[in-house]
Amino acid sequence: MSPQLLSTPATGVVVTGGASGIGRACALALAEVGRPVAVWDIDDEGTAATVRECADRGVASEGLRVDVREREQITEAVAPTVAALGSVGGLVHAAGMVRPAIDDVVDADTWDFVLDVNLRAHALVVSALLPALRAAQPGSAVVGIASIEGLIGHGGIPSYVASKHGLIGLTRSLAHRLGPEGIRANAVCPGYIQTPMLAPAISSAEARAALERTVPLGRLGEADDIARVVRFLLSDEAAYVHGAAIVVDGGVTAVGGQQMLGG
Ligand code: NAD
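What counts and what doesn't
- Residues numbered from 1 in each chain as written.
- Predicted model: local features only at pLDDT ≥ 70, side-chain atom pairs only at ≥ 80, totals over all residues.
- Heavy atoms only, no water.
- Salt bridge = Lys/Arg side-chain N within 4 Å of Asp/Glu carboxyl O.
- Helix = DSSP H or I, 4+ residues; strand = E, 2+ residues; numbered from the N terminus.
- Buried < 20%, exposed > 50% of the residue type's maximum accessible area, 1.4 Å probe, protein only.
- 1 Å grid on protein atoms, 1.4 Å probe; cavity = no way out; pocket = protein on both sides within 12 Å on 5 of 7 lines; lining within 4 Å.
- Points joined across faces, edges and corners; volume = space filled by probe spheres on them.
- Nonpolar A, V, L, I, M, F, W, Y, C, P; charged D, E, K, R; others polar.

### Examining the pattern of salt bridges
Move 1: Tallied over the entire structure, the rule returns 10 salt bridges.
Move 2: When the shortest N-O distance is used, the salt bridge between Arg-208 and Glu-212 registers 3.1 Å. Linking Arg-208 with Glu-212, this pair stays in helix α6 (residues 205–213), spanning four residues, or about one helical turn.
Move 3: Relative accessible area serves as the criterion here: at 28%, Arg-208 is assigned to the partly exposed category.

Next comes the structure, spelled out in structure tokens:
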């Protein structure tokens, strides 16, 4: 085998949720290795900031206001994205939403909202981007940001847990369906990552310390911890990684996940 590193495709990547947190870190990490990036998000200010920072790294970058719950908005975003980036050979679905269960285990509105953003959108975006992903071959790949809650349960956020379990199932099905075309599909399962989404859970020093105690590595994760793995999965270095759900959690699930909370 050649000692040389395999090359990273130069094709563009769509990052949903790229205005903040993990999506933003993914966009910047991809731009660092020369990949053009399009941010699809509903947060205009955050999108503009990410696009600016990608451009500072010398790549083509584009931001579009896309609510990933809306099929039409997704479809309409494809042509301008391909035009701006030159090609689309990758996708990171990082747009995500968590809503607690209040009284009932599942109320219909919360269920629809969370499942639409976290799960249904990944299927819709992959479908809309398929012609572009095919045209950009070889090396096209998609990554869905799941969660350790795609692997374990949590009574406080059942719709979120269901959406993330579903995202892993969708990833495995995409692997079966798109593998013969050479388009790879994987999921990443982050643990506790310091982003605006996690902020309410670590708003006091005590809450933060309790969460840290559940992590064998002894610290909460950074968005970059996830972005580096996503960048790898979208590169040719990961040419034989397909249909996988890669856990990036500092060891939380290795030692029992939520059972350690408070312990
Ligand atoms: P974040 O809140 O910082 O970012 C989420 C982004 O998604 C925001 O920019 C938001 O505007 C965008 N978004 C939300 N709804 C959207 C919609 N309808 N259309 C388009 N964009 C939309 O959160 P984050 O922590 O970076 O989360 C990114 C992903 O990582 C999510 O799927 C989340 O479930 C997952 N995740 C996060 C953690 C964590 O601890 N932070 C852990 C596991 C998984």
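### Notes on empty space enclosed by the protein
Empty space among the atoms can be located by rolling a probe the size of a water molecule over them.
Move 1: Taken as a whole and assessed by the stated rule, the structure comprises one cavity of 30 Å³ or more.
Move 2: What the largest cavity holds in volume is close to 30 Å³.
Move 3: Along its surface, the largest cavity is lined by Pro-100, Ala-101, Val-105, Val-106, Asp-107, Thr-110, Trp-111, Pro-158 and Ser-159.
Move 4: Listed by contribution, the elements that provide at least two residues to the lining of the largest cavity are α4 (108–135) and α5 (158–178).

### A word on the layout of surface pockets
Move 1: The calculated volume of the largest pocket comes to roughly 1200 Å³.
Move 2: Lining the largest pocket are 44 residues, with Gly-96, Met-97, Val-98, Tyr-160 and Met-197 sitting closest to its centre.
Move 3: Among the secondary structure elements, those contributing two or more residues to the lining of the largest pocket are α1 (21–32), β2 (37–41), α4 and α5.
Move 4: Of all the elements, α1 adds the most residues to the lining of the largest pocket, at three residues.
Move 5: Partitioned by chemical class, the residues of the lining of the largest pocket number 27 nonpolar, 10 polar and seven charged.

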